[in-house]
Structure formats: C-alpha cells, structure tokens
Amino acid sequence: MAPLLSVRDLVTVFESKTRPVQAVDSVSFEIREGEVFGLVGESGCGKSATCRSILRLFAGAPARITGGTIEFAGRDLTCLSEAEMTRVRGREIAMVFQDPMTSLNPTMRVGDQIAEGLIRHESIGRRAARLEAIELLKQVGVPSAEQRLDSWPHEFSGGMRQRVLIAIALACRPKLLIADEPTTALDVTIQDQILKLILRLREQYGMSVLLVTHDLGVVAQTCDRVATMYAGRIVETAETPSLFARPLHPYTIALLNSLPGGKKRSEPLQPIGGAPPNLADPPPGCRFHPRCSIAVEACRSTAPALLPVDAPHRVACLRRGAEPS
Amino acid sequence: MTTTITETPTASPRQRRLPRLNPPLTAGLAMLVILLAAVLLGPLFSPYDPLKVDFAEALRPPGAVHWFGTDNLGRDVLTRVLAAGLVDLQIATVCVVLPFLIGSTVGAVAGYFGGLTDRILMRIVDILWAFPFYVLVIAIVGTLGPSTGNMYLAFTLVVWISFARIVRGEVLSVRQSEYVMAARLLGYSHLRIILRHVLPNAITPAIVYAMADVVLTILAVTALSFLGLGVQPPTPEWGVMIADGRNFIFDAWWISTFPGFAIIYTGIAFTLLGDGLDDLLRPKG
Amino acid sequence: MPASTDTPLLEVRGLSKTFAQRRSLSHIVMSQAPHPLQAVRNVTLTLAPGETLGLVGESGCGKSTLGRCIAGFHEPTEGTVFLRGEKVSGDGYDRQRLSRELQMIFQDPYSSLNPRLTVAQALEEPIRVHGLRRGRGEIADRVDELMSTVGLPPGLKSQLPHAFSGGQRQRISIARALALEPDVIIADEPVSALDVSIQAQILNLFEDLRSRLGLTYLFIAHDLNVVRHISQRIAVMYLGEIVEIADADQLFEDPQHPYTRALLSALPQPDPTRRTEAVSLEGEPPDPSSPPSGCAFNVRCPLAHDACRAQAQELRWRGDHGARCIEAFKRD
C-alpha cells in the first residue's frame, strides 16, 4: 500500500542577512496510514522546519522549499498553489503546536474557535457546528463540555488548552495530525494524559500522526517508527523497538547514553562533547564527525547516505557496523 | 575528567567587537556633524551681522550676495538661520538633558524599589501627566516671567515625567531578569545594581525618545517664542523667524521657508540618530 | 521527625509563604477579600554538608518559591531558615555574609547573564565587591581559575554573553556563583532549558564540583530522572507541601505516596518494551489559593477514602523515609 505521506529529498532554506541557512537538507521519510511517526532531535536540528515545510507554514519567516517532493495522498504538495494549500491545511493535515498558551485566540470563545474550522471547511450550519464542537470536546476529555464551550481560553489550564487545540485539529477529521512538541510545555502527568489521548484518537479516527519531539522517552512510549535528525539531516530511521534495542548511528547512541536515570547514580553521564554545528556554516562530510567518537578520515569529506542495515532500519554512517571504540 | 568537555565557541575569539555603525546612525551622525559645523563655523565666515538692521537691503530675494535673501529689516537670512541654529540646539540640549537625567533617576528608583516609593512617585507623574503640555509650560513661564532660564525650568518640570514613565516600565521588566536576582544574591548594593545591571539594559528606549524629544522641544520653543514667552527678539531663533516672516509669505517666501527647512533637517537628523542608536544599543542575543 | 545525627548545614523549619492576591472587580463588588495564594505550606527540611537534596514537583507546586525563600528573595510568612544553626531569614541577619555562603543558579541561561558585561567583568565584580582578591593580576588569575573550574577556556573571557551557547552560559552562571566560594548552592531548574546532550555535560559539572569543592546542593527540577541522577535524597512537593522525602533510590524503588507513584509512572521511559496503557493520573492540580480540605491530594488520589477528605495528613516516618499519606508504610 502506498504511504499516506512520502517526503523525498526535501530541502528548505531560510534566508538570513548573512547567508542562507539550509535548515532541512535532503530529508526523506514516509508515514503510513494509521501510524505514529516520530521525528526526534535536539533544538535547531530541523525537525520543526521539516513539519512546517509539509504545511508550508513558516509564520512569516523567509523560508523556501528549494528541492524535493512531498507526496500526500497521491498529490505533490510542493506543486500546489497557496489557495490549494489552504484547503489541505486543517482539512486534510492538521497541526498542534508546542505552546498551548499562545496557540488559542484569547478574544474568541473556545467553542467558536472549534466551530470555525467546521463552518469554513465542511460548510455546515452554526447549530450543527456547535453540536459537533461539544462532541469533539467530549472526545478530547474536557469535562462538562456543554458549559466549557462558552468559556474563554484564559479560563483553561495548559493541559486543557492543549486538549482544545487537539479538538480544533480533529474537527475536520484530518488524515494526518502533525504534533510539534505537543507536550513540551506541560507537566509530566499532564503530558502522560495528552500522549495517551493522541494514541486513543489515532485508533478511533484511524489517522496518522507525525510527532516531533526532543524527548526520547516520549518517542519510546508513543511512536511506531522514528527518525533521528541531526543538523538538518535524518541520520537514522527504524521501527521504534529496533532503534532503542540496537541504535546504529553514533549520534543516536550518544543521545541515549547522555540520558540521566538509566544508569547507576555514581557513574558520570556520557555527554556528547561540543555543540551542534551552526547550520549557516555546516562542517563538510558527515555533519556529526566533529563530535563523533568513531569518526575516521573519510567522515570529514564524504557525506554518508541513508542506507539500510536490516530492511527497515537505515542509518547514515560510513562506519555502520563498526563497534564504538 | 568530564568537565573538560566543552562546546566549541560559537563566535571567533577575537577582541570585543567595535560598535558597528548602521546606515541610519551613519546618516544621522553625518547630518548632525554638518549641522554643528554650519552653526559653529558658519557665522565666522559670514560677512553679515545677524542682528544688524539695514533697511536699504530689506526683502532681497535669494541671490549671489544674500544666498537665502534678507528679511524685512534687511538682515541676512542665512546668517540668522545659522545663528538661530546655535540658540535652538543649545536650548534643545538643555531642555532634553535635564529632564532625561531627572526622569531616568526617578523612573529607575520607582521601578527598582517598587512599593510605596513607586506609588508616591508615579502618582506625582500621573498628576503632572493630567495637564496638557503647553498649558503647564505657559503657566510656569507666564508666572515666572519670560526668560531662557525660566524656559529651561519649565521644560524640565514638564518633560521629566515622560522619561520617568519610559524608564520605569523598562526597569520593571529588567528587574525580573535572573541576572538582577543573581546580582542581589551576590551581595551587590542597590546603587551598583541599578547603575551597572539595571539602567544599562533599561535606558535605550529613553535615549531614543530623547532624540525625538529634541525635535519636539525645538517646535515647542518655537511656539513659546511665537507667543512671546520664549526667546526674546532680536535674538535669532527659528520659530521667531518663521513667525516674523508670516506677514510676507506671499512676497518674500524665503524669510519663513529657510528656517523651516532648518527645522526639518534637524528633525530628520535626530530621528535617524534615534533609529540608529536603538539598533546599536539593543543588546545582542 | 527523626533527629539527624549530623548538624545540618542548612535547615528550614516550618516555612510557609503566602502571597496576597490582587483584588479583582468581582471581589470589590461582592465585598470579599481575595484568597491568599498559599505557595509553600509548612515545609521543614535539612541539608547535611556535602549532600544533594533534590526537590521535585510540577509547575506551581511551590518548589521555586521555597528556593527563593531560602535564598532571601522572599520573606517567609512563617517559619525560619538556619544556616549552620544561625538564623538567615526575617530581620537582623548579615545579608553580605549570607551571599558568601549561599548562591543560586537559575533556569534560563539567556536571562541569567547581564548582556552588557563580558565574562571577565561578570566574574570580577563579585570578587571586587567582596574584596576577596586585591590587585589586577590576582583578580585576573582568579577569573581564569574560575573559568577553568567550570570547563571554559579562559581565552573567551573578553566575550559578551551573546557569543555563547546555552550550555556555556550556564557554565558562566555557575562560575559567577562560585566566585564567592559558597558552601550551599540552590539550583533552580538549571538544566531544564538545555538539550539532553548539553544537559549531561552540566549535570556532570555539578557532580564534579560537588566532589572537588565539597558543595551542598538544593537541586530544584521537574525532571525526576535528572533529580535521581544528581541527588542523594529527594523531596516531592505537591500544592506547597512536601508529600514525600526519602533517599533517592528508596524513593524510586519503594514510593509510598500515591502522587510520587503517579509521577514515576508518568515518566516516559526511553524503553519501548515498557509501555503502559493506563493514564497515570487523572485531573489537574487544584488552585493553590483554595486547596481542598483534608489531604491536598485527595481529589486526584486513586486510593482516597473518607478519612483523607476529612483530615489533613502529617508526614509519617519510617526511618528517614517520610510520606504524607494515611496509607503510607501499611503494606508491610
């Protein structure tokens, strides 16, 4: 079966005063129907830029897609006009953002914000939209939905606002939900509630989810497949159990090793030396080589391709299979 | 040892960067330098006396002898514009610097200490704010009598409240910064914290406003002089010159027009300076 | 409360902090007084020299307010802070001396450094103000030493903060706090703004400094994994109260308070073979200006019964392990 979303060699460039920054550099991945796909990496690795490229939502930033294709349900989104994209956004692909405090319009009642998308995209009446909004609020677990419909956003807590945002995203039954760090601003018990909610809704609506996060724990708990990003490129992609059981890229390995909590307390953590590169001036060859413990001379000059190790597990490393020294 | 693992510095380890001039700042500075050179050096080279009346030369149009023409009393307009420039810049400087100092101090104290101090100081500001600017200035100068000194006094008493409000607002937000909390915890005195940690990060908007205020002050001085409460004739002053020329505007346009251009030029220069300083002084990162 | 064998370096006794709330229009119309916000409620804890006490809890639980009360930013409404047995809260203590014994590290590496001071200026200032070194050369040497201590090349000392990354800035903040050679450091979420690979560097630095300089930490964080790694003992806060306090491993292996258990099970483990289906905890923390009667946790607690709703609970102890729950330590 053809995947729902297929991103091929995507390149997105942000213009800046000094020189253009290639935030997304030949990124390829697929999302199948009904699957939760995780995109994980540290800040500035291009994971948010990738999902914003899919919806072409750059919030005023001077960004352009300069290469690649984004095939969604049989169409190439990069070829669509802005008007056609508007119909795709919200209706077929919806997005939930990181900050639930600023993602709702403070001057509109919550119910109206949910109904807005329904009225625009589904051309249904006000009354029907209202009933639908109540149903959606119940679905996302907002208690006493009928009364809460007429509340203002400031009357909701962070967790409840994120539920409302998910209700807005679900309003038009999208085929794909892009969740960009949806729980980063939330406390751990609320994060747990929201992640479980997303998983339940995925079952119920049969939609696919692209989950962007920096938290490997969140990936392990929610995603079916995952891709690790570093400095604008995907360095490893695998089924989640396989990635955690046998990480192959030195960056993924190092990231897992730097997590506290797993090891005995008396042992120091194993941080990754150095800092991620400046994308305006990335290192040649493999972008991880300056911080890599097993880099060899060839890593400085040759950019490794993302190649399969065992069927679905692919890694972009010249030294794949080499034991870390 | 683990602590030797360090990130590579994101900037090249060169010496402290020199303040980089931006286009508006460069343009504003250049215009100001030209203006200062003109008002300071111009009168030295001018063959005319800005005050000497010569009815034989009255109302000459601009030409090779009198570049900007002469007024109804036969005084050279160019020489008077330059002489007036010095007067106006002096007045504007004093009328901006004094309120800037007083207002910034009050604003910093009110914003930093908060509580009762803040409430008392800001109520005073609110009361003064309730009066229209000109009403207050005219009342003060009118009561004390027209003179340059009283004009300085009037402007200072009225304008400081703007600076106090601007600086207080900025200080309120800078005070929340973790570096100010850290400074308190490091046992620094309040004076040191205000001068070294709070004000340098809070003063930029006040400086930018001061640049705009120079222009407003020149216009206000003009208005006061027009009412006879400001600069007294025959001292040349741009506003007085424009007012004097209004009776001849159709026959001798140059009397009012050239001081008008001078005001516009000065306004543009200081606006550019304000813009450029805003860019230059805003902390990076 | 069991008596500690060592003299504590830092002791907090019965500390409460309430903030008056602003009267809103409805308060004026209804002529009611607004409920004060009870940020910290009757907290007692001690820190032994050289130990790290982790303080965890979700946002709004009062952990930062507690840290700031100890550091002297807030006047405690009730209760006292003692440093080596001497009172360091309320009136009549030497603030200058407190600053040489207790320092704080803040969360946001971007707002914790004055953007207009170079690293050298920021590190020289406390040394000069307190007169710890005399003369240019000695002060410069000390600055270099501080930078090396936190793993920064002294060659970068003439840079302004904007030239540094988040992790490096956090190192500068640490160096600045160390300039006065304090004994106690209160670290308020010092790594939560950093990426995991950088976070590990800073956590190692904290560990390293503790063993080299004999520092004592009160380490405030919301991330239980981080706290477990760095702490010998952990205190869990909920709605302004300490609900459980124990040795770090014991807290993780044998949590007694249902809230601690919920926090632990909500923690996303980086292990896909250990997935749970059930949500760990329903509902959200109550409003701290009107805490529920009885046990503060009863409205969300899966074990709550009538007694929990009727009466507030005291900490129950078994050895050094305390838990504010009627059901604690009952299973064995």
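This one's a predicted model, so the numbers in the text were calculated from it and none came from an experiment. (Residues numbered from 1 in each chain as written. Chains lettered and ligands numbered in written order. Predicted model: local features only at pLDDT ≥ 70, side-chain atom pairs only at ≥ 80, totals over all residues. Heavy atoms only, no water.)

Chemist: Requested: an account of the overall build of chain A, with residues and values cited.
Modeler: For chain A, the helix and strand inventory stands at 10 helices and 12 strands. The C-alpha radius of gyration of chain A comes to 21 Å, within 12% of the 20 Å expected for a compact globule of 325 residues. In terms of overall dimensions, chain A has C-alpha extents of about 65 × 50 × 45 Å along its principal axes. Within chain A, the fraction of its 325 residues that count as buried is 54%. Here the contacts in chain A between residues at least 6 apart in sequence split such that 64% fall between residues at least 24 apart. Carbon and sulfur atoms make up 51% of the accessible area of chain A, which amounts to about 13600 Å² in all. Side chains of chain A carry 38 positive and 35 negative charges; the gap between the two charge centres is 2 Å. (Helix = DSSP H or I, 4+ residues; strand = E, 2+ residues; numbered from the N terminus. Rg over C-alpha atoms; globule rule 2.2 N^0.38 Å. Buried < 20%, exposed > 50% of the residue type's maximum accessible area, 1.4 Å probe, protein only. Contact = heavy atoms within 4.5 Å. Areas by Shrake-Rupley, 256 points an atom, 1.4 Å probe, with all protein chains shown as cover. Lys, Arg positive; Asp, Glu negative; His and termini not counted. Charge placed at Lys NZ, Arg CZ, Asp CG, Glu CD.)

Chemist: Run through the sheet that holds strand β5 (residues 75–76) of chain A, naming residues and quoting values.
Modeler: Spatially, β2-β1-β4-β5 (chain A) is the arrangement adopted by the four strands of the open sheet, whose pairing is antiparallel. At either end of the open sheet lies a strand with only one pairing partner, and these are β2 (21–31) and β5 of chain A. (Pairing = 2+ DSSP bridges.)

Chemist: For the environment of I198 of chain C, give the residues involved together with the corresponding values.
Modeler: Residue and element names in this part refer to chain C. Within the secondary structure, I198 is located in helix α7 (residues 196–213). With a relative accessible area of 7%, I198 lands in the buried category. Separated by 32 residues in sequence, I198 and G166 have C-alpha atoms that sit 8.5 Å apart.

Chemist: Describe the sheet that holds strand β3 (residues 52–56) of chain C, with residues and values.
Modeler: All names here are of chain C. Ordered in space as β6-β7-β8-β3-β9-β10-β12-β11, the eight strands form an open sheet in which the pairing is mixed. Unpaired on one side and paired on the other, β6 (102–105) and β11 (316–318) mark the two borders of the sheet. Going from strand to strand, the sheet's axes swing by 20 degrees on average, the running direction of each strand aside. Note that strand β7 (residues 184–188) and strand β8 (residues 216–221) share five bridges and pair parallel. Each bridged residue has a counterpart across the sheet, and for I185 the counterpart in β8 is Y217. Helix-sheet contacts for helix α6 (residues 166–178) involve β6 and β7, and the interaxial angle to β6 is about 170 degrees. Contacting β9 (233–238) and β10 (241–247), helix α10 (residues 258–266) crosses the sheet at an angle of about 100 degrees to β9. (Axes fitted to C-alpha atoms, helices over the stretch in contact; angles between N-to-C directions.)

Chemist: Describe in detail the interface of chain C and chain A, supporting the description with residues and values.
Modeler: If you look at the interface, chain C gives 40 residues, while chain A gives 39 residues. Buried surface at the junction of chain C and chain A, both sides included, amounts to about 3300 Å², of which 52% is carbon and sulfur. Interface area lost by chain C to chain A is led by H229, R275 and E284 of chain C, which between them contribute 18%. At the surface where chain C touches chain A, the tally comes to zero salt bridges. (Buried area = accessible area lost by both parts, 1.4 Å probe. Salt bridge = Lys/Arg side-chain N within 4 Å of Asp/Glu carboxyl O.)

Chemist: I'd like a description of the pattern of salt bridges, backed by residues and values.
Modeler: Inspection of every chain in the model, using the stated rule, returns 47 salt bridges over all chains. The shortest N-O distance in the salt bridge between R75 of chain A and E92 of chain A comes to 2.9 Å. Of this pair, R75 of chain A sits in strand β5 while E92 of chain A sits in the loop between α2 (82–88) and β6 (93–96), and the two are 17 residues apart along the sequence. Residue R75 of chain A is classed as partly exposed on the basis of its relative accessible area, which comes to 32%. Given a relative accessible area of 16%, E92 of chain A falls into the buried group. Notably, a salt bridge pairs R84 of chain C with E101 of chain C, separated by 3.2 Å at the nearest N-O pair. On the criterion of sequence distance, the pair formed by R84 of chain C in the loop between β4 (78–83) and β5 (86–87) and E101 of chain C in helix α3 (residues 95–101) is long-range, its members being 17 residues apart. The exposure class of R84 of chain C is partly exposed, given its relative accessible area of 46%.

Chemist: Just give me the short version of the packing of helix α7 (residues 190–198) of chain B against helix α4 (residues 119–129) of chain C, but keep the residues and values in it.
Modeler: Two numbers describe how α7 of chain B lies on α4 of chain C: the axes approach to 14 Å, and their chain directions differ by 170 degrees. Taken together, the axes of α7 of chain B and α4 of chain C are roughly antiparallel relative to one another. Touching R192, R196 and H197 of chain B of α7 of chain B are Q121, E125 and V129 of chain C, all from α4 of chain C. Per-class residue counts for the contact of α7 of chain B with α4 of chain C are one nonpolar, two polar and three charged. (Parallel < 35°, antiparallel > 145°, perpendicular 65-115°, else oblique. Nonpolar A, V, L, I, M, F, W, Y, C, P; charged D, E, K, R; others polar.)

Chemist: Mind laying out a nonpolar patch on the surface, listing which residues take part and the relevant values?
Modeler: All names here are of chain B. A cluster of nonpolar side chains, L36, L40, L41, L44, F45 and L86, forms an exposed patch at the surface whose accessible area comes to about 620 Å². Counting residues per element, the nonpolar patch draws most heavily on helix α1 (residues 23–45), which supplies five residues. Mapping L44 onto the fold places it in helix α1. Residue classification places L44 among the exposed positions, given a relative accessible area of 68%. (Patch = residues over 30% accessible without salt bridge, like charges linked within 9 Å, V, L, I, M, F, W, Y side chains within 5 Å.)

Chemist: Tell me about the domain arrangement of chain A, residues and numbers included.
Modeler: Residues and elements named next belong to chain A. Considered domain by domain, chain A is made up of domain 1 (5–223) and domain 2 (230–315). Between domain 1 and domain 2, the contact holds 19 residues from the first and 18 residues from the second. The contact between domain 1 and domain 2 buries some 1600 Å² in all, and 59% of this surface belongs to carbon and sulfur atoms. It is D25, E42 and L216 that lose the most area in domain 1 upon contact with domain 2, and together they represent 36% of the buried surface on that side. Run the count over domain 1 and domain 2 and you get two salt bridges. With a closest N to O distance of 3.0 Å, D25 and R287 form a salt bridge. Taken together, domain 1 and domain 2 are joined by six residue pairs in polar contact (both at pLDDT 80 or more). (Domains from an automatic or database assignment. Polar contact = N/O pair within 3.5 Å; in protein donor to acceptor, adjacent residues only side chain to side chain.)

Chemist: Residues and numbers for the nonpolar core, please.
Modeler: In terms of nonpolar packing, the biggest core is built from 129 residues, with I174 and F206 of chain C touching the most fellow members. Here this core gets 12 residues from one element, more than from any other, and that element is helix α2 (residues 77–113) of chain B. Once you skip the residues sitting within four places of it in the chain, I174 of chain C turns out to touch I105, V150, I202, L205, F206 and L209 of chain C. One finds V40, F156, L195 and Y251 of chain A within the second-largest nonpolar core, a separate group that totals 66 residues. (Core = buried A, V, L, I, M, F, W, Y, C linked by side-chain atoms within 4.5 Å.)

Chemist: Describe the side chain of Q201 of chain C, listing the residues and the values that go with them.
Modeler: Among the secondary structure elements, Q201 of chain C is positioned in helix α7. Polar contacts involving the side chain of Q201 of chain C include one to the main-chain carbonyl oxygen of G274 of chain A, which spans 3.4 Å.

Chemist: Help me get a handle on the packing of aromatic side chains, residues and values and all.
Modeler: Counting across every chain of the model gives 19 aromatic pairs over all chains. With 5.3 Å between their ring centres and 65 degrees between their planes, Y251 of chain A and F288 of chain A make a pair best called edge-to-face. Taken together, the residues Y251 of chain A in helix α10 (residues 250–257) and F288 of chain A in the loop between α10 and β11 (307–310) connect sequence positions 37 residues apart. Grouping aromatic residues by their ring pairs yields a cluster made of F68, W253, W254, F258 and F261 of chain B. Directly above the ring of Y188 of chain B sits R192 of chain B, whose terminal nitrogen or CZ lies 5.9 Å from the centroid. (Phe/Tyr/Trp six-rings, centres within 6.5 Å; stacked < 30°, edge-to-face > 60°. Lys NZ or Arg CZ within 6 Å of the ring centre and 35° of its normal.)

Chemist: Lay out the side chain of K47 of chain A in plain terms, naming residues and giving numbers.
Modeler: Residue and element names in this part refer to chain A. Its location among the elements puts K47 in helix α1 (residues 47–55). Of the residues examined, K47 reaches a relative accessible area of 6% and is grouped as buried. Looking at K47, its side chain comes within polar contact range of the main-chain oxygen of G41, at 3.2 Å. If sequence neighbours within four positions are ignored, K47 has contacts with L39, V40, G41, E42, E181, V212, T213, H214 and M229.

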